[in-house]
Amino acid sequence: MNNTNVTAFKDLQFAPLAEGSPVEVAMLWGDPETGPAAVMVRFPEGYQEPWHSHSATYHSVLIKGDFQTRSKDTDGTTVSEVYGPGSYAVQPGGAVHAEINAGSGELVALVYFDGPVDFALE
C-alpha cells in the first residue's frame, strides 16, 4: 500500500499567524498544540519580527528569499549575516530572537518544531 501524499505549494492552506499578522503559516503535519509539527511560513517583503521566543526548539530551511536573524544574549543584540535559499537554522527553545526578511519579495521557510508551535512576545 502506498501512503504517499503530495501537496503543491500553490495548494497549501496559508492563514495569518495571528489576527492582523502579516506572517502566514500553512500546517504541514503534526499537532501544533503538543508537537512535533512542521509548518511552511511566509513573511512579506521587508517584514521584521518582534522579539519573541518559542518553548520548543525549531529547525528551519529557507526555501525562498533572504533572511537575517537577531538574537539577544548577555552582551546585547547579535545580528547575523544575510542567508539565502537552502540555508538551515536551529533555534533552541526559549532563545529570544527576531527574524528579518532581508530580501526583495516574500520569504518562505519550512519550519519543524520538536514541541508545541507557540510564539511568546518578549
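What you see is a predicted model, and the numbers here were worked out from it, not measured in a lab. (Residues numbered from 1 in each chain as written. Predicted model: local features only at pLDDT ≥ 70, side-chain atom pairs only at ≥ 80, totals over all residues. Heavy atoms only, no water.)

S.K.: Describe in detail the pattern of salt bridges, supporting the description with residues and values.
M.R.: Summed over the entire model, instances satisfying the criterion amount to four salt bridges. The residue E106 makes a salt bridge to R42 at a minimum N-O spacing of 4.0 Å. One end of the pair, E106, is in the loop between strand 9 (97-101) and strand 10 (107-113); the other, R42, is in strand 3 (residues 37-43), with 64 residues separating them in the sequence. Each of the salt bridges in this network shares a partner with another, and the network as a whole consists of E24, R42, K64 and E106. (Salt bridge = Lys/Arg side-chain N within 4 Å of Asp/Glu carboxyl O. Helix = DSSP H or I, 4+ residues; strand = E, 2+ residues; numbered from the N terminus.)

S.K.: Give me the nonpolar core: which residues, what numbers.
M.R.: If you look at the biggest cluster of nonpolar residues, it comprises twelve residues: V23, V39, V41, F43, Y47, Y58, L62, F67, L107, A109, V111 and F113. At four residues, the largest contribution of residues to this core is made by strand 10. If near-sequence neighbours (up to four positions away) are discounted, F113 is found in contact with P36, A37, V39, H54, T57 and Y58. Of all hydrophobic cores here, the second largest spans five residues; its members include F14, A26, M40 and V108. (Core = buried A, V, L, I, M, F, W, Y, C linked by side-chain atoms within 4.5 Å. Buried < 20%, exposed > 50% of the residue type's maximum accessible area, 1.4 Å probe, protein only. Contact = heavy atoms within 4.5 Å.)

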